[in-house]
Amino acid sequence: MAIRQIVLEGDDVLTKVCRPVEKFDQKLCTLLDDMRETLYDADGVGLAAPQIGILRRAILIDVGEGPIELINPVFLEQTGEQNLQEGCLSCPGEWGVTSRPAYVKIRAQDRHGDFFEMEATELLAVACCHEIDHLNGVLFKERLVDGLEQ
Ligand code: NI
């Protein structure tokens, strides 16, 4: 495993729409392992592949309950609203309260290509939405309810 450099806001790669993962091979496993090491090194709760310069639909989340890898995630349901304070490893030192669904249901693939569904509320739901936004070139700043805190 290796720690990769996290791309910062201002880099074009964070504004692109990522392509689906098509090959569930060793290269994907290496990517996900590197994302895990990079996330833990940075002490974050989530990381999306474009944040290390890879324009593929792969995200990793760990809100303190162990790592969750979501490949090609899609929302099946989004209901309610919650407002939590968010930050982003690509926007160091910046925080803000966002509007996110209170509940999400997601379908995704694991690193082997097997499909699964998951439900999330509270911080986990926010993290899922935040990281899936990254796959579509969207930063949390576009979800703010008030201003940015620095
Ligand atoms: Ni982020």
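Attention here is on the structure that accompanies the text. Being a predicted model, the structure only gives us computed values, none of them experimental.

Let us look at the overall build of the chain. Counting secondary structure elements, the chain contains 2 helices and 7 strands. Along the chain direction, N to C, the helices and strands of the chain fall in the order α-β-β-β-β-β-β-β-α. Rg of the C-alpha trace for the chain: 14 Å, near the compact-globule value of 15 Å for 150 residues, within the 12% margin. Along the longest, intermediate and shortest principal axes, the C-alpha atoms of the chain span 45 × 30 × 25 Å. In the chain, of all internal contacts separated by at least 6 residues, the share reaching a separation of at least 24 is 65%. Each charge sign in the chain was given a centre, from 14 positive and 27 negative side chains, and these centres are 9 Å apart.

Turning our eyes to something else, we now look at helix α1 (residues 26-42). Taking 1.5 Å of rise per residue, the 17 residues of α1 would be expected to cover 24 Å, and the 24 Å separating its terminal C-alpha atoms lies within 8% of that figure. What α1 keeps buried is the set Leu28, Cys29, Leu31, Leu32, Asp34, Met35, Thr38 and Leu39. Looking at the buried positions of α1, the neighbouring elements they touch are β1 (46-48), β2 (58-61) and β3 (68-79). Looking one or two residues past α1, aspartate 43 carries a phi angle of roughly 60°, positive in sign.

Conventions we followed
Residues numbered from 1 in each chain as written. Predicted model: local features only at pLDDT ≥ 70, side-chain atom pairs only at ≥ 80, totals over all residues. Heavy atoms only, no water. Helix = DSSP H or I, 4+ residues; strand = E, 2+ residues; numbered from the N terminus. Rg over C-alpha atoms; globule rule 2.2 N^0.38 Å. Contact = heavy atoms within 4.5 Å. Lys, Arg positive; Asp, Glu negative; His and termini not counted. Charge placed at Lys NZ, Arg CZ, Asp CG, Glu CD. Expected span 1.5 Å × (residues − 1). Buried < 20%, exposed > 50% of the residue type's maximum accessible area, 1.4 Å probe, protein only.

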